[in-house]
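Listed below are the residues making up each chain.
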Amino acid sequence: MSLPPSRAARAMLGAALAALAFAAAALDAPPKAPSQPVADTYFGVKVADPYRNLEDLKSPATRGWLDAQGAYTAEVLKQIDGRDAIAKRVAELGKASGDAVDAIRRMPGERIYYLRRQAGENQMKLVMRIGLAGAERVLVDPEQMAKQTGVPHAINYFVPSWDGKTLAYGVSAGGSEDASLYLMDIATGKPIGTPIPRVHEGLVHWTPDSRRLSYNQLRALPPGAADTETYLDSTVYVIAPRERAAAPRALFGPLVNTELKLDRLDVAGVSFAPGSRWMIARTTDTTSPEGRLYVAPLAQLGQAKIAWRQISSFADKITEVGLRGDTLYLRTYA
């Protein structure tokens, strides 16, 4: 009886790991990492770091250790009985799994957006089609961005406008997750403006008329600021992408709404919904979904000062929200 691809792959992996352990035991110990211990004091506690020197990839000692590790690993792999056959079979099973599809989003007009990675590819591409039988069109291809820059890129998030004309999406380079916000004219595939830096979170929302966009941006730290300040005092901005003269305007955050006494670590998003006359501000610290909710009339979006009204706190244990018309749906484990 043959195993399905997923179980067969696990069985092959188990056999390979067992063979690898046997082969490693037959060789001398792996090269010992060079250590140059340092110690730091955090809040009165001394913390030792014996291997920080390995972070310096230009160091001859670090490079020598990495090369020795590579040589040792190659020698271990050579000892595995049937290694080539196992590698070939694992590759076959990987191809048999087909494409990976994620983050499917269905929008008005039967527009369907999703991330897809074909077997053998390294990165997800953002594609769209109109209707289930529509032709697939690639909107964002990180592989092409990598070829142009020599640095790997990845799509962090994407949010199409309600009218299907504009795409907002986040891309980071080199595995950094330091995403910038890009805007695209979907019909032409051409960029709108220049990327907006430090928009790490996918807290991006279009207004019902698709004219304006809200997003959360981290501060540009002043010279000499500690790295611990990086994720503090982020701000939600609103921008009209197709109005070139319109600059981003601060909408919500600890530095904007001092009267709300928000925490410096609060990371907020301001969301909207078609057919609703309200906008919702939601704060979390990004490590847990619970936070605070505020509501204000959408008509105040163009005003200099918005009268936000708090309607929940962390104690309400709300993990999801959904706005529909005059109704706000909440999911809580309280």
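Placed above this text is the structure.
These numbers were taken from a predicted model, which means no experiment stands behind them.

Asker: Which residues make up the layout of surface pockets, and what values go with them?
Answerer: In this structure, the largest pocket occupies an estimated 900 Å³ of space. Considering the residues around the largest pocket, the lining is formed by 32 residues, among which Gly202, Val204, His205, Ser271 and Val321 are closest to the centre. Those elements that provide at least two residues to the lining of the largest pocket are strand 3 (100–107), strand 7 (153–160), strand 11 (205–206), strand 15 (267–271), strand 16 (278–284) and strand 19 (318–324). It is strand 19 that contributes the most residues to the lining of the largest pocket, 6 residues altogether. Among the residues making up the lining of the largest pocket, the classes are represented as 18 nonpolar, 9 polar and 5 charged.

Asker: Explain the packing of aromatic side chains residue by residue, including any values.
Answerer: For the structure shown, the criterion picks out 4 aromatic pairs. With a centroid separation of 5.4 Å and an interplanar angle of 15°, the aromatic rings of Tyr169 and Tyr182 are classed as stacked. In this pair, Tyr169 sits in strand 8 (residues 166–173) while Tyr182 sits in strand 9 (residues 180–185), placing the two residues 13 residues apart along the sequence. Taking relative accessible area as the criterion, Tyr169 reaches 8% and is therefore assigned buried. Their ring planes at 80° and their centres at 5.2 Å tell us that Phe252 and Trp308 sit as a pair that is edge-to-face. Here the residue Phe252 occupies a position in strand 14 (residues 249–252), and Trp308 occupies one in the loop between strand 17 (292–297) and strand 18 (309–312), the gap between them amounting to 56 residues. With respect to class, Phe252 is no different from Trp308; both count as buried. Linked through ring pairs, Phe252, Tyr294 and Trp308 together constitute an aromatic cluster.

Asker: Before we move on, could you go through the pairing of strand 20 (residues 327–332) and cite the residues and values that matter?
Answerer: Two strands pair when backbone bridges link them, and strand 19 and strand 20 are joined in this way by 6 bridges, in the antiparallel orientation. Looking at the pairing, Ile318 lines up with Thr332 of strand 20. What sits between strand 19 and strand 20 in their antiparallel hairpin is a turn of 2 residues, with Gly325 showing a positive phi close to 60°.

About the criteria used
- Residues numbered from 1 in each chain as written.
- Predicted model: local features only at pLDDT ≥ 70, side-chain atom pairs only at ≥ 80, totals over all residues.
- Heavy atoms only, no water.
- 1 Å grid on protein atoms, 1.4 Å probe; cavity = no way out; pocket = protein on both sides within 12 Å on 5 of 7 lines; lining within 4 Å.
- Points joined across faces, edges and corners; volume = space filled by probe spheres on them.
- Helix = DSSP H or I, 4+ residues; strand = E, 2+ residues; numbered from the N terminus.
- Nonpolar A, V, L, I, M, F, W, Y, C, P; charged D, E, K, R; others polar.
- Phe/Tyr/Trp six-rings, centres within 6.5 Å; stacked < 30°, edge-to-face > 60°.
- Buried < 20%, exposed > 50% of the residue type's maximum accessible area, 1.4 Å probe, protein only.
- Pairing = 2+ DSSP bridges.

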